[in-house]
Amino acid sequence: MNFQNGEWVLKKGITATFAQAVNGSKFDGNKLTVYAWVRPDMARYTLGGPMLTLELTAPANNVIGVRVTHFKGTKERRPEYELNSETADVSCIEDDQTLIFKSGELEARFAKFSSDAAGQGGWDLSFYGDGKYLTRSGNRSIAYYLDDRGATQLNDFGAGEGSRSYIQQQLDLQVGECLYGLGERFGPFVKNGQSIDMWMADGGTGSEQAYKNVPFYFSNKGYGIFVNSPSDVNFEFATVKVERACFTLQGESMQYYVIYGKSPKDILERYTFLTGRPALPPAWSFGLWLSTSFLTDYDEKTVTSFIEGMAQRDIPLHVFHFDCYWMKGNHWVDFEWDDEQFPDPKGMLERYKKRGLRICVWINPYIAQQSRLFDEAAEKGYLIKKTDGSVWQTDMWQSGMGIVDFTNPDARKWYQSKLEGLMDMGVDCFKTDFGERIPVRDVAYYDGSDPLKMHNYYTHLYNKTVFEVIERKRGKGDAVVFARSGTAGTQQFPVHWGGDNSGTYPSMAETLRAGLSLALSGYGFWSHDIGGFEATATADLYKRWCAFGLFSSHSRLHGSSSYRVPWTFDDEASEVLRHFVKLKCKLMPYIYAQAIYAHKYGAPILRPMVFEFPTDPAVSYLDQQYMFGDSIMVAPIFNSEGIVTFYVPHGKWTGLLNGKIYEGGRYYTETHDYFSLPVLVRASTLLPLGSEDDRPDYDYTKDLTVRIYELENDAEASVDIPTAEGTFAARITAIKREGKITVTSTKTLPGLTVEIGDKRYNMTGKELVIEL
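Below is a summary of the structure that appears in this document.

Parameters and conventions
Residues numbered from 1 in each chain as written. Predicted model: local features only at pLDDT ≥ 70, side-chain atom pairs only at ≥ 80, totals over all residues. Heavy atoms only, no water. Helix = DSSP H or I, 4+ residues; strand = E, 2+ residues; numbered from the N terminus. Rg over C-alpha atoms; globule rule 2.2 N^0.38 Å. Buried < 20%, exposed > 50% of the residue type's maximum accessible area, 1.4 Å probe, protein only. Contact = heavy atoms within 4.5 Å. Areas by Shrake-Rupley, 256 points an atom, 1.4 Å probe, with all protein chains shown as cover. Lys, Arg positive; Asp, Glu negative; His and termini not counted. Charge placed at Lys NZ, Arg CZ, Asp CG, Glu CD. Expected span 1.5 Å × (residues − 1). Pairing = 2+ DSSP bridges. Polar contact = N/O pair within 3.5 Å; in protein donor to acceptor, adjacent residues only side chain to side chain.

So, about the overall build of the chain. In terms of helices and strands, the chain carries eleven helices and 47 strands. Here the C-alpha atoms of the chain give a radius of gyration of 28 Å, agreeing with the 28 Å that 2.2 N^0.38 yields for 772 residues. Based on the C-alpha atoms only, the size of the chain along its principal axes is roughly 85 × 75 × 45 Å. Buried residues in the chain amount to 61% of all 772 residues. Restricting to contacts in the chain with at least 6 residues of sequence separation, those with at least 24 account for 67%. Looking at the chain as shown, the accessible area adds up to about 28900 Å², and 46% of this sits on carbon and sulfur atoms. Each charge sign in the chain was given a centre, from 81 positive and 98 negative side chains, and these centres are 2 Å apart.

Structure, rendered in structure tokens:
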């Protein structure tokens with residue numbers, strides 16, 4: 001938020017107060033409180049004028065919370081993010097010149113007497129990780145603003161009646177520093193030069209709006225910043241002041257956390273500890289999902305023809321999704337099947353389940369006025385109300401619809417009871433659509449929540465409500481949603497997809513950019529509509545998107561007004577889809593191990609190159625390729641010519657699909673047919689390949705193949721072998737020394753084969769020695 005008119009002048013109607021010097025402090029063993037003078041002469045003149053108070057805390061090692069407050073007595077309304085904490089190694093050191101608050105290896109250093117370049121009084125709060133400089137809050141960087149534009153009149157204290165107050169923090173940027181994250185954003189991957197508001201919106205993938213707003217950004221200089229508010233935080237990255245990152249929140253107080261890590265993985269590990277790690281999705285959810293699409297005509301006959309068509313073409317299918325019109329139009333939601341199109345839903349689902357399919361149905365948190373549930377929900381107070389006590393309603397989306405008030409515990413139980421009935425019928429999971437267009441004016445929540453904060457936070461309660469009932473019915477490890485919206489912490493309820501994209505190459509590219517941004521915002525699992533949601537892709541684009549979509553953690557075919565079964569595009573599309581679905585199923589021992597890591601440590605499956613190679617300056621801006629887990633690099637193809645240019649980081653890499661050796665540290669340009677794309681495996685990788693190619697959930701330990709890629713002399717590499725239940729069954733290690741490779745396993749695995757190049761070796765016990 002920009003209150004400045006250039007470097008020195010404030011905009012008309014704006015007054016500002018800046019922290020300028022430390023004026024005392026106290027440390028109670030856990031919290032450091034620092035009082036900031038707002039003008040240099042306050043040592044001799046203390047009558048009137050504001051003071052800013054900083055409170056530093058450590059909810060975990062290598063995390064420091066900074067709360068900046070003007071009026072401490074202002075009542076903060078809920079909701080707030082639910083954050084985790086642990087006992088941290090906290091200390092405070094003070095001498096004549098400095099005041100240091102330390103959490104683990106992260107330090108906040110106050111200069112007690114500092115000056116700016118002009119020799120005037122200057123504020124200096126710097127952050128260091130392991131003794132290395134990270135960022136700094138310098139002169140005129142912490143501000144309290146009063147905006148009197150639109151205020152009616154000045155009161156006795158010089159502020160306008162109706163004026164708005166803001167807390168702003170600016171942090172210095174280093175030369176070459178790049179900022180990432182802030183949720184799922186479809187614009188440039190590197191956020192420098194952008195002004196971004198945390199405001200949930202249903203704006204598609206072709207705009208600056210976002211379905212998933214997360215007030216956390218990640219720096220390539222070794223730290224992250226999380227602003228602890230679900231409200232409409234504004235971020236200005238190298239815009240208001242090109243040397244700084246700036247974030248602003250309306251009110252009298254703002255808290256942010258500085259998060260340090262030796263690597264990007266460490267930073268996300270700390271951030272996801274704070275806000276919550278994703279649950280582990282069931283193995284079956286990593287297979288292929290097929291949808292009815294949205295506006296198309298469909299009944300049981302149509303759906304069955306799709307399912308049978310996939311089987312006839314030998315395309316493995318694992319989840320079938322019924323979109324909105326499983327219910328009657330203008331009844332969304334009433335949780336009742338349209339009896340004209342689906343006269344025997346229970347029997348239909350039983351027939352599909354005999355084919356081995358899981359079932360997903362679409363829902364949203366809105367109750368149309370024509371729904372049989374509207375009167376009940378209104379009477380019992382289960383819908384968001386206006387301030388006069390009447391139900392808040394709108395005609396946008398569904399006529400006269402109300403919105404479920406998930407701050408009401410009884411409303412949550414009521415909504416969950418409707419979902420339980422569907423699960424009893426045979427539904428396995430739900431597509432939790434919408435949750436973005438939540439009103440803020442003339443709104444009253446059951447628990448008194450602040451409507452402004454609830455605009456962004458509502459989706460969290462919605463997805464939590466749905467995820468919890470699935471988990472309660474199916475058990476931990478067998479719950480999954482397909483969610484569109486989210487905020488900080490909503491990553492705990494996977495999976496999330498990228499919203500309403502279009503059937504064009506630019507939209508495919510913006511979809512990937514958004515996924516990369518979301519990955520650096522703590523979301524471990526992500527999907528997108530293969531082929532695009534709006535419009536109908538060409539056969540060429542559909543086939544290219546199939547390759548990209550199957551190298552995502554979750555893979556779904558879904559569209560708006562046309563079907564997404566491959567034979568509607570061309571005959572080859574079925575062959576391409578079959579090829580990549582079967583390849584993904586074979587890769588499931590690798591993919592599911594990465595899923596367990598995401599669940600345990602917060603490292604996403606889809607990873608920007610800068611996440612894995614933070615010291616390589618060539619990767620900072622790369623947004624058309626990515627790491628799929630820690631060992632496989634993927635470069636989707638974004639044009640009809642099949643031409644792709646991609647960068648290979650230092651080291652030796654091997655093409656998974658073509659066996660080609662790539663020397664790193666340079667770019668390559670290649671042309672690929674529809675059955676190929678650059679998929680490269682890092683050196684010193686042990687890549688596990690499963691025995692089945694028609695399903696994602698099988699015994700990964702049986703008849704397993706482990707490929708050893710470019711193991712260097714005196715090097716050791718290992719791989720964890722998962723079970724489909726989400727545990728690790730064994731660890732396999734390979735050591736290359738003195739002309740031989742010794743492979744060991746913590747457990748004897750039946751039918752284990754080790755591959756090195758074109759040679760295969762049967763491993764019948766816990767050790768295998770291979771002479772080279």
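There's more to say after this.
What follows covers helix α10 (residues 588-601). The end-to-end C-alpha distance of α10 is 19 Å, a good match for the 20 Å that 14 residues give at a rise of 1.5 Å each. Along α10, eleven of the 14 residues are buried, which leaves the element largely enclosed by surrounding structure. Among the residues trailing α10, glycine 602 stands out with phi positive, at a value near 90 degrees.

Pairing between strand β8 (residues 90-94) and strand β9 (residues 98-103): five bridges, direction antiparallel. In the sheet register, isoleucine 93 faces β9, and the bridge partner there is isoleucine 100. Between β8 and the antiparallel strand that follows it, β9, lie three residues. For β9 and strand β10 (residues 106-111), the ladder comprises six bridges, and the chain directions are antiparallel. Residue lysine 102 lies in a different strand from β10, and its bridge partner there is glutamate 107. Hairpin connection from β9 to β10: two residues lie between these consecutive antiparallel strands, with glycine 104 at a positive phi of about 60 degrees.

This next bit is on the environment of proline 649. Positionally, proline 649 belongs in the loop between β35 (643-648) and β36 (652-655). Residue proline 649 is classed as buried on the basis of its relative accessible area, which comes to 0%. When the C-alpha atoms of proline 649 and glycine 329 are compared, they prove to be 52 Å apart, with 320 residues separating the residues in sequence. If sequence neighbours within four positions are ignored, proline 649 has contacts with Met609, Phe613, Asp616, Met633, Gly664 and Gly665.

The end-to-end C-alpha distance of helix α9 (residues 571-586) is 24 Å, a good match for the 22 Å that 16 residues give at a rise of 1.5 Å each. Those residues of α9 lying buried are Ala573, Ser574, Val576, Leu577, Phe580, Val581, Lys582, Leu583, Lys584 and Cys585. Where α9 begins, the side chain of aspartate 570 points an oxygen toward the backbone nitrogen of glutamate 572, at a separation of 3.2 Å.

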